[in-house]
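Here are the chains, one letter per residue:
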Amino acid sequence: MPRFSPRLLLTASLLLLALSVLILSQAGYLRPAEGLVLRPLVALQGVIGPRLAALRDLASSPGDVATLRARNVELEAEVTRLQQEVITLREQAAEVDVLAALLNFARGAPQNRYVAARVIGSDASPFLRALWIDAGTNAGVARGMPVVNQSGLVGRIIEVYPTASRVSLITDPAEAVNVRLQDSRADGVTSAQPNGELRVDMIDQDAEVVPGELVLTSGLGGNYPPQIPVGQVISVRRRDFEVFQQAVVTPSVDFDDLEILLIVASFTPLTTQPGQ
Amino acid sequence: MGLLVLIPVSALLVIVQTAVLPFFELLDGRADLVLLLVVAWALTGRLLQSMVLGLVAGMLLDLLSGVPLGVSAIALIAAANVATLAQGRVWRAHQFAALGAVLLATTVYYAILGLVVLLIHPGTDISLALARIVLPAALLNLLLAIPAAQLVGSLERTLYPPKVAL
C-alpha cells in the first residue's frame with residue numbers, strides 16, 4: 001500500500017471538505033448555515049465599513065479639495081453667467097411692463113399714430129433738460145412732435161436727425177405748455193424752474209384751484225394735443241395784488257426713469273415761423 | 001491557539017477587503033489581504049493552520065461575494081500549498097522569498113477563481129480579466145507581500161514564542 005505524505009493527505013482532506021461545501025452549497029443545503037454566518041459578518045461589515053470608508057475619505061481629502069476647488073470655480077462662473085441672465089431677463093420684464101403701459105396709453109387715444117423710441121442718452125449740458133432718443137426722420141419723426149409716455153407728457157422734439165432726435169422735456173426752463181386744470185377748468189401755462197420744479201402760471205384769479213387737481217394739456221397754441229396729463233397740483237399761490245395765481249405742479253412723468261417713449265407722429269404742431 | 005486569533009483576523013480582513021479595498025483599486029484589481037495572510041502564515045511553517053485558515057476565510061469571502069461557497073476556500077488552500085512547495089529550499093534562503101511565494105500563490109488562486117468564473121459565465125473575456133484584474137492584483141499583492149510577511153511573522157512569534165533551552 002503506497003504511503004502518502006501527511007501534507008498531501010491534509011491538503012486532499014481540506015480540498016475534499018471545501019469541495020463538499022461547494023456541492024452542498026450549490027444544492028442549497030447550506031442556506032440556513034450561510035444565513036447564520038452571514039448575519040454577524042454583515043453586521044460587522046456595517047459597523048466597520050463606514051468607519052474605514054471615513055478614514056479613506058480623510059486620507060483622500062486633499063485630492064477631493066482640489067476637485068472641489070475646481071468645481072467651485074466652475075460653479076462660480078455658472079453663477080455669474082446666470083446672474084447676468086437674470087439681469088437681462090429683469091430688464092426685459094421691465095421693458096415689457098413699460099411697453100404694456102405705453103400700449104394702454106396709446107389705446108386711450110386710438111386716433112393718434114405713435115412712433116416708439118428708446119431713450120439713448122440725456123443732454124450733455126446739465127443746464128438743459130433734454131434727452132436723446134433713437135428715432136429720427138427715418139422713422140417719420142419731425143420737429144415739434146409731442147413726446148409722451150404711459151404717465152403723460154414728456155416734452156417735444158426739438159432736433160431731428162435720420163436716426164436720432166432730441167427731446168426737450170417740459171421741465172426745461174425754455175419750455176412752456178398750455179395747460180388746463182381739470183376740475184376748475186382754468187387755463188394756464190407751465191414754466192419750469194432750473195431745479196426742475198414745474199409751475200403753472202397765468203391762472204385766472206377767480207379760478208378755484210385746489211391741491212390734487214389734475215393738470216392736462218389744453219391744446220391751445222397748437223403745440224401739443226389736448227388732454228395729455230402733465231401733472232398734479234401740489235400747492236397754490238394766490239395773492240390778491242397779483243393778476244394771476246400760480247400753482248406748483250408735480251409732473252406725472254418720472255423724468256429720472258424714462259426708457260421708452262412714444263412720439264405722437266400724427267400730430268402736426270402749428271407754427272408761426274415761416275419755412276417750418 | 002493560532003487559529004483562534006487568525007480566524008477573527010481573517011474575518012476582519014474579509015470585511016476590509018469587501019468594504020474598503022474597492023476604493024483602492026488598481027484598474028479593476030485589488031490586493032487580496034486574505035490570500036496574503038494565508039500565504040504569510042504558511043510561510044511561517046504552519047501549513048496545516050494556514051490551510052484551515054484558507055478554508056474558513058475562503059468561505060467567509062464567498063459568503064460576501066457572488067462566487068459559489070467553497071471556491072475561494074479551494075483556491076486559498078491550493079495557494080497555501082503552492083506557496084510552501086519550495087519551503088526550506090528557496091523561500092527561507094532569501095529575505096525577499098515572500099515575493100516569489102505570493103506570486104505563485106496569486107497565480108494559482110486566480111487560476112482557480114478564473115476557472116470557476118469561466119464555468120459560471122462562459123462569455124467572460126479572459127484576456128481583459130487578466131489585464132485589468134489579475135495582473136494589477138498580482139502587482140498589489142507583491143507590493144504588500146513583504147510587509148505582510150513581516151507582520152504575520154511577528155504575530156507568529158507572539159503566539160508561539162521560541163522555546164529557550166535553559
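You'll find the structure just up there.
Residues numbered from 1 in each chain as written. Chains lettered and ligands numbered in written order. Predicted model: local features only at pLDDT ≥ 70, side-chain atom pairs only at ≥ 80, totals over all residues. Heavy atoms only, no water.

1. A closer look at the sheet that holds strand β12 (residues 260-264) of chain A
Residues and elements named next belong to chain A. Taken in spatial order, the six strands of this closed barrel run β1-β2-β5-β4-β3-β12, and their pairing is antiparallel. Neighbour-to-neighbour, the strand axes of this sheet turn through a mean angle of 45°, independent of strand direction. Direction of pairing for strand β1 (residues 114-122) relative to strand β2 (residues 130-133): antiparallel, over a ladder of three bridges. If you follow S122 over to β2, its bridge partner there is L131. (Pairing = 2+ DSSP bridges. Helix = DSSP H or I, 4+ residues; strand = E, 2+ residues; numbered from the N terminus. Axes fitted to C-alpha atoms, helices over the stretch in contact; angles between N-to-C directions.)

2. Observations concerning the environment of T44 of chain B
Of note, T44 of chain B is situated in the loop between α2 (33-43) and α3 (47-63). In this structure, the C-alpha to C-alpha distance between T44 of chain B and T84 of chain B, residues 40 residues apart in sequence, is 9.4 Å.

3. Overview of the layout of surface pockets
Residues and elements named next belong to chain B. Estimated volume of the largest pocket: approximately 770 Å³. Residue lining of the largest pocket: 32 residues in total, with Y109, Y110, L113, V117 and I133 positioned closest to the centre. At the level of secondary structure, the elements contributing two or more residues to the lining of the largest pocket comprise α1 (2-19), α3, α5 (97-120) and α6 (126-159). The element that contributes the greatest number of residues to the lining of the largest pocket is α5, accounting for ten residues. Its residues assigned to classes, the lining of the largest pocket comprises 19 nonpolar, nine polar and four charged. (1 Å grid on protein atoms, 1.4 Å probe; cavity = no way out; pocket = protein on both sides within 12 Å on 5 of 7 lines; lining within 4 Å. Points joined across faces, edges and corners; volume = space filled by probe spheres on them. Nonpolar A, V, L, I, M, F, W, Y, C, P; charged D, E, K, R; others polar.)

4. A short note on the side chain of S191 of chain A
Residues and elements named next belong to chain A. Checked against the element boundaries, S191 lands in strand β7 (residues 187-192). Engagement of the side chain of S191 in a polar contact is seen with the side chain of D201, the distance being 3.0 Å. The residues contacting S191, other than those within four sequence positions of it, are E175, E197, L198, R199 and D201. (Polar contact = N/O pair within 3.5 Å; in protein donor to acceptor, adjacent residues only side chain to side chain. Contact = heavy atoms within 4.5 Å.)

5. Considerations on the interface of chain B and chain A
With 28 residues of chain B in contact, the opposing surface of chain A contributes 24 residues. Between chain B and chain A, the buried area comes to about 2300 Å², and carbon and sulfur atoms account for 82% of it. The largest per-residue losses of area from chain B upon contact with chain A belong to I15, L63 and L69 of chain B, which jointly make up 26% of the total buried on that side. Taken together, chain B and chain A are joined by zero salt bridges. If you look at where chain B meets chain A, you find one residue pair in polar contact (both at pLDDT 80 or more). Contributing elements (two or more residues each) for the side of chain B that touches chain A: α1, α3 and α4 (71-83) of chain B. (Buried area = accessible area lost by both parts, 1.4 Å probe. Salt bridge = Lys/Arg side-chain N within 4 Å of Asp/Glu carboxyl O.)

6. Some words on the sheet that holds strand β6 (residues 178-181) of chain A
Residue and element names in this part refer to chain A. Taken in spatial order, the six strands of this closed barrel run β6-β7-β8-β11-β10-β9, and their pairing is antiparallel. Within the sheet, the average angular offset between the axes of one strand and its neighbour, ignoring direction, is 40°. With four bridges joining them, β7 and strand β8 (residues 198-204) adopt antiparallel strand pairing. The residue of β8 that forms the bridge with A192 is L198.

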